[in-house]
Amino acid sequence: MPVFGAGVANATPGGTCQSATVQYRLVGADGGVVGEDWTSQGGFRSWDTVPGPVEVRLAPGQKVADGCKYPVSLAEYTTEGPNWPTSGRQTMVDKTTVYLTAEDVAGDDDAKRTWQKLAVKLPDCYGQIDLYGDDVAYDGKTGEGHGPAPYQPDGVNTPYHLIAAWNGGEKKCADSPPESPSPTPTPTPSEPTPSTPAGSTPPAEETTPPPTPKPSATPPTTPDVPPLSSKPPVTPEPSSSDSTPPLAETGAGAPVGLIAGGAAVVIAVGAGAVFAARSRRS
């Protein structure tokens, strides 16, 4: 399988992390690699045996700044069929998530390194296993951290940021809905068949062949996953203190007329007192 070229993942001066390229491989119970080694190849694959744990890392050649985190999840679903076109209703059974950082970028001395590992319950019936690049549980529940469950008949192509997927199984799951029985046709009264005159052949009826169903396209996959996003804390607005005395009002709302009237009264009283004093002296 070809390996997708690694992009560049870094952090801008403002602290915004960019997307990064993820690599994965399947491992057995003994820790040995099952199938191909590290790859970023996506798509849907059919399993002969149910895939075991999945190791993940960030592809080499990427620059990831400290503080950037990349969630990668593995989820297992029961389905109504062994592949995407027949998967029908999917029910999440198990999910696990790890967070990749700058320490998980592949380098030159990888033989001695330990990589993060994802493992979920293995289905014993028709199922689908998704590897994707966020930490949302696509289980059909509502609320933060949940999303719509995959459902091929309605074109619900979840999980988002899908890296790769596996389908398989050999038997129907116990929680699958029962199949609807075929309706029994209602008998119609027979009518006499009109006789065909000798020597005449009825015209052949034109029949239109039934349309061939189009194959259902599988959801798109990509090895490039977005970083974990976080919202900055909300800065509380400053509140006025009760101990601070109010400032004097100087605008249009201030009682200017009342102040001016009081000053005029004081001036008039003072002038009257001066006039009375001068009258007594004369």
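Parameters at a glance
Residues numbered from 1 in each chain as written. Predicted model: local features only at pLDDT ≥ 70, side-chain atom pairs only at ≥ 80, totals over all residues. Heavy atoms only, no water. Disulfide = S-S within 2.5 Å. Helix = DSSP H or I, 4+ residues; strand = E, 2+ residues; numbered from the N terminus. Buried < 20%, exposed > 50% of the residue type's maximum accessible area, 1.4 Å probe, protein only. Contact = heavy atoms within 4.5 Å. Polar contact = N/O pair within 3.5 Å; in protein donor to acceptor, adjacent residues only side chain to side chain. Core = buried A, V, L, I, M, F, W, Y, C linked by side-chain atoms within 4.5 Å.

J.: Quick question: what am I supposed to make of the state of the cysteines here?
T.: A covalent bond between the sulfur atoms of two cysteines is what we call a disulfide. Within the structure shown, the criterion is met by two disulfides. Put simply, Cys 17 and Cys 68 are joined by a disulfide, and their sulfur atoms are 2.0 Å apart. Its S-S torsion of about -85° marks the bond between Cys 17 and Cys 68 as left-handed, since a negative value means left-handed. With Cys 17 in the segment before strand E1 (20–27) and Cys 68 in the loop between strand E4 (54–58) and strand E5 (70–78), the pair connects residues that are 51 residues apart, well separated along the chain. You can call Cys 68 buried: its relative accessible area is 1%. Here Cys 125 is linked by a disulfide to Cys 173, with a sulfur-sulfur distance of 2.1 Å. Between Cys 125 and Cys 173, the S-S dihedral sits near 95°, and the bridge is therefore right-handed.

J.: It is not clear to me how the environment of Thr 222 should be interpreted in this structure. Could you clarify?
T.: Within the secondary structure, Thr 222 sits in the loop between strand E9 (162–168) and strand E10 (224–225). Note on Thr 222: relative accessible area 29%, which makes it partly exposed. In contact with Thr 222, not counting residues within four places along its chain, are Leu 162 and Ile 163. A distance of 3.2 Å separates a polar side-chain atom of Thr 222 from the backbone nitrogen of Asp 224.

J.: When you look at the environment of Ser 19 in this model, what are you seeing that I'm missing?
T.: Inspection of the secondary structure assignment puts Ser 19 in the segment before E1. Sequence separation of Ser 19 and Pro 223 is 204 residues, and the distance between their C-alpha atoms is 9.8 Å.

J.: Help me out: how do you make sense of the nonpolar core in this one?
T.: Nonpolar side chains in soluble globular proteins generally cluster together in the buried interior. Counting residues in hydrophobic clusters, the biggest one holds 25 residues, and the most contacted among them are Val 56, Tyr 70, Val 72 and Leu 131. Within the residue set of this core, elements represented by two or more residues are E1, E4, E5, strand E6 (91–100), strand E8 (127–132) and E9. Looking at which element gives the most residues to this core, the answer is E1, with four residues. Ignoring anything within four residues of it in the chain, the contact list for Val 56 reads Val 22, Gln 23, Tyr 24, Trp 38, Val 72, Val 98, Leu 100, Trp 115, Gln 116, Leu 118 and Leu 131. Ranked by size, the runner-up nonpolar core spans seven residues in total, among them Ala 75, Tyr 132, Leu 162 and Ala 165.

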